Amino acid sequence: MVDLAHFIESRGSLVATWELHRIGMNRHSIAQAVSGGQIVRVRQGWYCNPWLEIDCQRAARIGGQLACTSAARFLGLWVPTGDNRLHVVVDPNSCRLREPTSYRKRLSDPSAEVHWTGRDESFSRVVVPGRVAVEQIARCASPEFTLVVVESALNKGLVTLAEWDEMQQRIPGTRISRIPSVSRLSGSGVESIFVSRIRALGLDIRQQVLIRGVGYVDAVIGERLIVELDGEQFHQDAARDRRRDAVASASGFRVLRFLANQVTREWELVERAVIAAVVRGDHLAA
C-alpha cells in the first residue's frame, strides 16, 4: 500500500485528484482522508499534507506557487522587513484565481501580490526555486533589499555567482546598475546592509578579516578600525566579546560594536559614530 504522505511529498508537496486515483484512491477514500485530517484540500482538485507551511497552502489555494519575497523567506534567506504581502506566481494564462483562505471565493485580497511570469516546478509545486525568487526580487525590490537577499542566497548556496551574473543580463540595465556589488562574505543581512552603506560613504571596508589573537571579525574599516555587528542570535557570550575587544585594543586596533537593530533602525547614529572614528584617525595604522 502506498504511503500517502510520502507520495504527496514526492510529487512536490501537492497532488492532483487524478494522481490520487492512480494510486488506488477513489472519490470516497479521498473524501475520507480529507475529513480524517490526513490530507488538506487546498483547491478544487488539489491536495497537500496538513503540515505544509501555511503560506505555501495559501499560494496553492490562489492557484500558483509561493514566489519572490515570500519564497525567499520560506527558503530561509535573509529578508529585510517591510514587505509582508503574500507573493504568488501564476502562469500568464491562469484564470479562476481564488482567495488564499478559501478556494470557493474569487481572489480579491489586496495583500496578495500576483506575478504573472509563469510557474517553475523544478524545485517544488508549491514554491519556486531560490534562483527564481532572487531574480523576481531583483526585478521589483529596492537595490538594498535585493543586495541582502542575493548575498544570503550566495551564502546559503541557493545561487552561485555565475547564476547571479546570468540573472543580471536579463534584468533591465537601469535597475541592475543600482544594485551594489555582491559578496559571499556577509554572515547576515545586517552585515550586507552595513557594508553597502559604508562603501557608499567612500570608505574602504573589508569583511571577515582574520586578526591574530582575536579571530575573524565582521569588518575592518581602513587598517585599524574593527566593526562587530551583534545580532540576537550572535555574539551572545558577552565575556568572550569583551576579551576579544581587549585583545584587539592591545594590538593597536579600535573597536566599534553595534546591535543589529541600530543598523536597521538607527542608521544615522551608526553613521555618525563611524564618521567620528574616521575623523579621529581610528582607522589608520599608528
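Residues numbered from 1 in each chain as written. Predicted model: local features only at pLDDT ≥ 70, side-chain atom pairs only at ≥ 80, totals over all residues. Heavy atoms only, no water.

Engineer: What is the right way to look at helix H11 (residues 238-250) in this model?
Structural biologist: Along an α-helix, residues three or four apart share an orientation, since each turn contains 3.6 residues. The end-to-end C-alpha distance of H11, which contains 13 residues, comes to 18 Å, matching closely the 18 Å that a straight helix rising 1.5 Å per residue would cover. When H11 is considered as a whole, its buried residues turn out to be Asp241, Arg244, Asp245 and Ala248. Down the axis of H11, the smallest arc covering the buried residues is 100°, so these residues share one side. Among the exposed residues of H11, those pointing more than 90 degrees away from its buried face are Ala239, Arg242, Arg243 and Ala250. The inward-facing, buried residues of H11 contact strand S10 (215-221), strand S11 (225-230) and strand S12 (254-259). Remark: Gly252 follows H11 within two positions and exhibits a positive phi of approximately 95°. (Helix = DSSP H or I, 4+ residues; strand = E, 2+ residues; numbered from the N terminus. Expected span 1.5 Å × (residues − 1). Buried < 20%, exposed > 50% of the residue type's maximum accessible area, 1.4 Å probe, protein only. Arc of directions from axis to C-beta. Contact = heavy atoms within 4.5 Å.)

Engineer: What should I look at first to understand the environment of Arg27 in this one?
Structural biologist: Position of Arg27 among the secondary structure elements: in helix H3 (residues 27-35). Along the chain, Arg27 and Glu135 lie 108 residues apart, while their C-alpha atoms are 40 Å from each other.

Engineer: I tried to follow the sheet that holds strand S1 (residues 15-16) on my own but got confused; where do I start?
Structural biologist: In sheet architecture, strand pairing relies on hydrogen bonds along the backbone and comes in two forms, parallel and antiparallel. Across the sheet, three strands lie side by side as S1-S3-S2; this open sheet has antiparallel pairing. Two strands close off the open sheet at either side, each with one partner strand: S1 and strand S2 (40-43). Alignment of S2 against strand S3 (residues 46-48), held across three bridges, turns out to be antiparallel. Bridging from a neighbouring strand, Val40 pairs with Cys48 of S3. Packed on one face of the sheet, helix H4 (residues 54-62) meets S2 and S3 and runs near 50° to S2. (Pairing = 2+ DSSP bridges. Axes fitted to C-alpha atoms, helices over the stretch in contact; angles between N-to-C directions.)

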